[in-house]
Amino acid sequence: MDFKSFLKNNTVFLDGGMGTLLQKKGVLGTGYPELLNITHPEIISGIHKEYYDAGSNVVCTNTFGANILKFDIETLENIIKHAVENADNARKATVNKGEKFIALDMGPTGKLLEPMGELSFEKAVEVFAQTVRLGVKYGAQLIVIETMTDSYETKAALLAAKENSSLPVIVTNAYDKNGKLLTGATPAAMVALLEGMGADAIGANCSLGPKQLIPVAEEYLKYASVPVVLKPNAGLPLVENGKTVYDVGAEEFASDLAKLIKKGVRVAGGCCGTTPEYIKALTEKSAGIPPVPVTGKDLTFVSSYSHAVFFGDSPLLIGERINPTGKKRFKQALVEKDMEYILSEGLSQADKGVHILDVNVGLPEIDEGQMLYESVRALQGVTDIPLQIDTSSPLAMEKALRVYNGKALVNSVNGKKESMEAVFPLVKKYGGAVIALTLDENGIPETAAGRVEIAKKILEKASEYGISKKDIIFDSLALTVSADNNAAAVTLESVKRIKTELGCHTSLGVSNVSFGLPARDGINSVFFALAMENGLSAAIMNPYSADMMRTFYAFKALKGMDENCAEYISRSGEFLSSFQPASQSVTAITGTSPLMDAVIKGLKEKAVETTKELLASKAPLDIVNEDIIPALNKVGEGFEKNIIFLPQLLTSAEAAKCAFEQIKAVSAKESGNAKGKFVLATVHGDIHDIGKNIVKLLLQNYGFEVIDLGKDVPPEVIVKTAVETGAPLVGLSALMTTTVPAMEETIKQLRAHAPFCKIVVGGAVLTEEYAASIGADKYARDAMETVRYAESVVNGETV
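Please read these numbers as outputs of a predicted model, since none were measured by experiment.

Procedures and definitions
Residues numbered from 1 in each chain as written. Predicted model: local features only at pLDDT ≥ 70, side-chain atom pairs only at ≥ 80, totals over all residues. Heavy atoms only, no water. Buried < 20%, exposed > 50% of the residue type's maximum accessible area, 1.4 Å probe, protein only. Helix = DSSP H or I, 4+ residues; strand = E, 2+ residues; numbered from the N terminus. Pairing = 2+ DSSP bridges. Right-handed = clockwise from strand over helix to strand, strands pointing away. Core = buried A, V, L, I, M, F, W, Y, C linked by side-chain atoms within 4.5 Å. Contact = heavy atoms within 4.5 Å. Axes fitted to C-alpha atoms, helices over the stretch in contact; angles between N-to-C directions. Salt bridge = Lys/Arg side-chain N within 4 Å of Asp/Glu carboxyl O.

## A few points about the pairing of strand 4 (residues 142-148)
Most of strand 4 sits inside the fold, with 7 of its 7 residues counted as buried. For strand 3 (residues 101-106) and strand 4, the ladder comprises 4 bridges, and the chain directions are parallel. Counterpart to Ala103 in the pairing with strand 4 is Leu142. Following the chain from strand 3 across helix 6 (residues 121-137) to the adjacent parallel strand 4, one finds a crossover that is right-handed. Relative to strand 5 (residues 169-173), strand 4 runs parallel, the two being bridged by 4 bridges.

## Concerning the nonpolar core
Ile143, Ile145, Phe424, Ile472, Phe474 and Phe528 are the most contacted members of the largest nonpolar core, which has 153 residues in total. Examining the composition of this core, we find that 8 residues originate from one element, helix 8 (residues 187-197), more than from any other. Contacts of Ile143, omitting those with residues within four sequence positions, involve Leu104, Met106, Val132, Ala161, Ser165, Leu167, Pro168, Val169 and Ile170. Grouped together as the second largest cluster of nonpolar side chains are 46 residues, Phe639, Ala653, Ile694 and Val695 included.

## Here we look at the sheet that holds strand 19 (residues 505-509)
If you walk around this closed barrel you meet the 8 strands as 13-14-15-16-17-18-19-20, and the pairing is parallel. Taking each pair of neighbouring strands and ignoring which way they run, the sheet shows an average axis angle of 30°. Sheet topology places strand 18 (residues 472-475) next to strand 19; 2 bridges connect them, and they run parallel. From the neighbouring strand, Phe474 faces strand 19, where its bridge partner is Thr506. Lying over the sheet, helix 14 (residues 368-382) contacts strand 13 (316-322), strand 14 (356-359) and strand 15 (387-390), oriented at roughly 175° with respect to strand 15.

## A look at the pattern of salt bridges
For the structure on display, the rule yields 42 salt bridges. Close ionic contact of Glu533 with Lys559 constitutes a salt bridge, the shortest N to O distance being 3.3 Å. One end of the pair, Glu533, is in helix 19 (residues 520-533); the other, Lys559, is in the loop between helix 20 (546-558) and helix 21 (566-571), and 26 residues separate them in sequence. Residue Glu533 is classed as partly exposed on the basis of its relative accessible area, which comes to 48%. A salt bridge links Glu626 to Lys618; the nearest nitrogen and oxygen atoms lie 3.1 Å apart. Note on Glu626: relative accessible area 45%, which makes it partly exposed. Relative accessible area serves as the criterion here: at 22%, Lys618 is assigned to the partly exposed category. What you see here is one network of salt bridges that share partners, running through Glu122, Glu163, Arg402 and Lys429.

If you want it as structure tokens, here you go:
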């Protein structure tokens, strides 16, 4: 039986922790864990057999960190070859008579992707592709992508798996205690992205125990139409008698997970701290629980890197202003490649309250594909509003969809055979909801019945590509009433019939109805109200129009979509200016000066220009203290309150860095290095430096001199650097449970040879209690907490 067939009718049991058992066997000090496949195959095969014997249907190869960034290609191939062989030997030797499969295991690269880091999206895809191809070559039966903390890297890994194999793919992400990924994604956002791209099962692993992951699991079960996976840790780590243990035992772990299996979890296993004992308890506790059927959720939603936007809850606003049609200044920006102008247009619309941003950069005199690609990458770096990819070019559409960090809204397809054959394969491959225009080779029907028939044809064709009707949003085409008195009535009837007869959502380019007429906002706003009353789901509209915005909020109040009219009241005085954004993002925070505003919004070029202007009339240190640092503080406070997320925090930091560079160029005083030295390192054996690099960037912007020793740094090197520099602060990072002993050893050596320094630790496997137990002075949950602590140390507030 193949894995997909088994998954369809059974609860699937995965294995548990690998590092936990390697630690117990005392072999972690011999090098990277993946090399043990070659040097100690009997140990690795033995661990796999223990899990099969305990009841696992799937064991994951010991290849979590096996990639081309860590090993040369020959070593990588040797590792994967032996890893699959080790798992296969275990499968042959086990007493387990049930169905058994071998999964190629892939973890994160340890790098941040552009624009937050230096690893390009395509490079990340190729890194994972190398591993996938080798896994296929040596006989893996499925792929498990796990412990991903960034939606963009997750997409790169899944895309590599889909492009380089036909194997089933399970994808799990690691969530923090707030139910979000490191880069801000909610479970709903990940469901939208991963299900859209065709993952076979999705869910969560690592970071937390089963009880803490219940809300995450329930959110997956609420939104996902594919099997849900849960692979928690054995609770939280503790140190007892010098050894790392976890606070959830096997029976409690199994009992908690069994309850979630009853609720619908279909794939279950363990992560850090779990052993074959845990899996045995889980399979025994779950015996007799019938698999809950996986049901399709009739939900239409798109996503950004941070959140999902749902159609149907109330009408949605799609900002139309990133479009050259009728906009001379925007055309100029496209020709001149003035990305700052495009970004400011997007941020302004976000400030007005749109839920989705339309992105159309089509001009005959430019390379539309390249400009759309660059615009999408840049926009998703400064705002978390989901994007609508608006182009008639399939080539441009694919370039943009490939790099979009989320599930995009695609504008558009139509009933022409040529259009459907070009667009639907892209929507299927990259995921997305698509705007479908009710026109075909015969043009636009004059009647609502004709438009509904085209809609039916589009739905039928979409189903041939495996695209559900929930991902088709129909635009029944608003035509100008100045040319046809009946045009609006036909469109409105079409909207109503598509909703009631076909059960599909709708969208309209509202302003088309008034083309050729004076005082267009009056016509547009009334038509907008009529369309919403007839069931319109979304409108592509001008959010700068006071009439349109007033109509939108009034409609919601009158239709019971605005409890106690609170939203209408709060916005009533703002209809002629700006609006709070629909999603809480960095655009909700503004500065009191142009430079502050540029830093907050992450506009690097504007930050440079504004700083140059200020230097003509203001002292460099005053710019730092009155503009840059207050801006960073505002963004930092927003991050700490979960109002903004990591990508915006980092783009703001980059903008501040650009401003600092201008100040340093004219000032002999290195104002950025005034606060003190901070030694930073990822501990020995760990190559994951995402968290460390984020901390580094923020510390530098807050005026610290950061001595970055890199990743996989031996304790002796860290101690030597601390002693030689006299740094009052040392920061240590670790992602993997297998490298926490190296962190503990480093702390011991620092206490012996550099007792003057304060030690800050961070990483997904740590807790405040655990950090204290290994001798750290401070456990920092995130980069901003590290900055706050460092400032308290240099200011003498921490003893």
